[in-house]
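A structural walkthrough
Listed below are the residues making up each chain.
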Amino acid sequence: MPIAGTGMLLTSMDIDPEHEAEFNRWYDREHMQERVAIPGFQSARRFKAIGDCARPYLALYYTDTLEVFRSQPYAQAFNNQTQWSLDNFKRMRVGLRAEDL
């Protein structure tokens, strides 16, 4: 999939196998949908490694610009997480987050 915008957010993490099914439900049903609904987000994709690695889950978010991550709508979403989100964020291990042009 070619990058259409000039901003990208990459997140990568691990989750305890005990919480993996719940994590995937949350990510697919709430988290990704909330993020791509923010103005300036174009799309998002998730991946899972097929082999063992420290952070088997990867998500890529494509945005119009990097300024989207400093916008009021993004701050509103980031600062008002649902309880489902807070629970899953606490369960993530070995997280990585990077923004780039």
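Let us look at the structure shown here. (Residues numbered from 1 in each chain as written. Predicted model: local features only at pLDDT ≥ 70, side-chain atom pairs only at ≥ 80, totals over all residues. Heavy atoms only, no water.)

Quantified by volume, the largest pocket comes out at close to 240 Å³. If you trace the largest pocket, you find 18 residues lining it, with Thr11, His31, Phe89, Met92 and Arg97 closest to the centre. Sorting the residues of the lining of the largest pocket by element identifies β1 (7-15), α1 (20-36), α2 (72-79) and β4 (92-100) as the ones contributing at least two each. A per-class count over the lining of the largest pocket returns 11 nonpolar, five polar and two charged. (1 Å grid on protein atoms, 1.4 Å probe; cavity = no way out; pocket = protein on both sides within 12 Å on 5 of 7 lines; lining within 4 Å. Points joined across faces, edges and corners; volume = space filled by probe spheres on them. Helix = DSSP H or I, 4+ residues; strand = E, 2+ residues; numbered from the N terminus. Nonpolar A, V, L, I, M, F, W, Y, C, P; charged D, E, K, R; others polar.)

Below, the discussion takes up the pairing of strand β3 (residues 57-63). For β3, a buried count of six out of seven residues is recorded, marking the element as mostly surrounded by other parts of the structure. Two elements, β1 and β3, share seven bridges in a ladder whose sense is antiparallel. Each bridged residue has a counterpart across the sheet, and for Thr11 the counterpart in β3 is Ala59. Pairing geometry for strand β2 (residues 41-48) and β3, over seven bridges, is antiparallel. Of the residues in β3, the one forming a bridge with Ser43 is Tyr62. (Buried < 20%, exposed > 50% of the residue type's maximum accessible area, 1.4 Å probe, protein only. Pairing = 2+ DSSP bridges.)

On to the environment of Tyr27, then. Along the chain, Tyr27 falls in helix α1. Given a relative accessible area of 2%, Tyr27 falls into the buried group. In this structure the C-alpha to C-alpha distance between Tyr27 and Ala49, which are 22 residues apart in sequence, comes to 16 Å. Every residue in contact with Tyr27, bar those within four places of it in the chain, is listed here: Thr11, Met13, Met32, Arg46, Ala59 and Tyr61. (Contact = heavy atoms within 4.5 Å.)

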